[in-house]
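Below, each chain spelled out in residue letters.
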Amino acid sequence: MNELIQELKLEIINVLNLEDVTPADINDDAPLFGDGLGLDSIDALELIVLMEKNYGIKLADPAQGREIFKSIRIMAEYIQSNRTK
Amino acid sequence: MELYINQYSYISPKHTHPTVTTAGEGLTPLYRAIGIDYPKFFKMDNLAKLGFLAAELLLQQNKRNLNTRKDIATICFNRSSSLDTDRLYQTTINPENNYPSPSLFVYTLPNILTAEIAIRNKFTGETSTYITPSLNPETIVRTVRQTLNNTNGNTAITGWTEYADDTHEAFMMLINKQHNSNTTTPFTPEQVNKLIIHLRKQTNNK
């Protein structure tokens, strides 16, 4: 799980162009949206694309993202249980 | 209606800032040199970054005066529209690797560049981007005049922001109905032309 969390942090920094953020800056349990990394709705769409592209997980309902993207840890747990690649 | 050029900024690969250039390493070194803290910059496409930085250079000395006025128009012109990002976006929608990028898609319209400037500075005036074959001072002056007339506005930031094929040029002016104490340059096609010729000549001599 820790390996997946680290991999996710690097992917998110890269895909969302979080230039001045390092993996150590992202708390495993902190909210990704709102106060946490301050991500916006376009970032949420980009995370949905990342889930499909890297892990073969297609979110039929974008509203699911609200639960899955609550934190890096919750996202990693969801990926571990549902990944097809 | 008398209008004046009260400030201008210029960015090209050779002529930008006393300590950095935007050749080779792109626009990020200039962002760092100006000393701005605006993480959204890194999410912008190249065209929006260019316009954003030209506006920052332009407004650095005028922020205090402008903060009391929000009805400022932002009007940009360029030749290549958002083609740089359109091409990048196209690479995400090919049949072998079909994952269209939402964050690239939002920049496949050139007027997002004026929106980024307006959001950063909390301007609530007109925003528009026009595509013209080349930098045409008459078109710029006529369009800004019409916009300020139609909206009863006093101030506009306007100019040329072109990003294409790994080269770029931004020429931005602050236009007011009142001239400031340092300059009385009228906003006319002749003066705009003179200014851009001067800036390009300076660049070529470097």
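Look up: the structure comes first, before these words.
Numbering of residues begins from 1 in every chain and follows the order in which that chain's sequence is written. Key to labels: chains lettered from A, ligands numbered from 1, both in the order written. The predicted nature of this model means local features are confined to residues of pLDDT at least 70 and side-chain atom pairs, given and counted, to a pLDDT of 80 or more, with totals for whole chains, interfaces and linings taken over all residues. Values shown for side chains rest on all heavy atoms present in the structure; no hydrogens or waters enter the calculation.

(A) Structural context of the packing of aromatic side chains. Residues and elements named next belong to chain B. What counts as a ring pair is set by centres within 6.5 Å for rings of Phe, Tyr and Trp (its six-membered ring), and what kind of pair is set by the plane angle: stacked under 30 degrees, edge-to-face over 60, tilted for all other angles. Overall, the coordinates contain 7 aromatic pairs over all chains when judged by the stated rule. Between the aromatic rings of Y31 and F42, the centroid separation amounts to 5.1 Å while the plane-to-plane angle is 70 degrees, which identifies the pairing as edge-to-face. Highlighted residues: Y31 in helix α1 (residues 28–34) and F42 in the loop between α1 and α2 (46–59), separated in sequence by 11 residues. The pair formed by Y31 and F42 is uniform in burial state, with each residue classed as buried. With centroids separated by 5.5 Å and ring planes inclined at 50 degrees, the aromatic side chains of Y89 and F105 adopt a geometry described as tilted. Note that Y89 is positioned in helix α4 (residues 83–91) and F105 in helix α5 (residues 102–105), a separation of 16 residues in sequence. Exposed residues in this analysis have more than 50% of their type's maximum accessible area, buried residues have under 20%, and partly exposed residues fall in between, with area computed by a 1.4 Å probe over protein chains only. Residue F105 is classed as partly exposed on the basis of its relative accessible area, which comes to 48%. Ring pairing ties together the aromatic residues Y31, Y38, F41, F42 and F52, which thus form one cluster. By definition, being over a ring means that NZ of Lys or CZ of Arg is both within 6 Å of the ring centre and within 35 degrees of the ring normal. In this structure, K49 packs its charged tip against the face of F41, placed 5.3 Å from the ring centre. Put simply, DSSP marks the helices as runs of H or I at least four residues long and the strands as runs of E at least two long, and each gets a number from the N terminus on.

(B) Inspection of the environment of E138 of chain B at higher detail. One can find E138 of chain B in helix α7 (residues 137–151). When the C-alpha positions of E138 of chain B and V192 of chain B are compared, they lie 8.6 Å apart, and in sequence the two are 54 residues distant.

(C) Examining helix α2 (residues 41–55) of chain A more closely. What a helix should span is 1.5 Å times the count of its residues minus one. An ideal rise of 1.5 Å per residue puts 21 Å on 15 residues; α2 of chain A measures up with 21 Å between its terminal C-alpha atoms. Those residues of α2 of chain A that fall on the buried side of the exposure criterion are D43, E46, L47, I48, V49, L50, M51 and Y55 of chain A. By definition in these notes, contact holds between two residues if any of their heavy atoms fall within 4.5 Å. Looking at the buried side of α2 of chain A, the elements it contacts are α1 (2–15), α3 (65–68) and α4 (72–82) of chain A together with α5 of chain B. Polar contact is the term for a pair of N or O atoms within 3.5 Å; when the atoms are in protein, one must be able to donate a hydrogen and the other to accept it, and sequence-neighboring residues count only if both atoms are side-chain atoms. For α2 of chain A, the N-terminal capping position is held by D40 of chain A, with its side-chain oxygen 3.2 Å away from the main-chain nitrogen of I42 of chain A.

(D) Representation of the nonpolar core in the model. Among buried residues, those of type Ala, Val, Leu, Ile, Met, Phe, Trp, Tyr and Cys that are joined through side-chain atoms within 4.5 Å constitute a nonpolar core. By size, the foremost hydrophobic cluster in this structure holds 31 residues, and its most contacted members are L53 and I157 of chain B. Of all the elements in the fold, those that place two or more residues in this core are α1, α2, α6 (112–121), β6 (155–164) and β7 (167–176) of chain B. At 9 residues, α2 of chain B tops the list of elements feeding residues into this core. The next biggest cluster of nonpolar side chains, apart from the first, holds 23 residues, and it includes I12, I13, I57 and I68 of chain A.

Without other data, these values stay purely geometric and don't point to any function.
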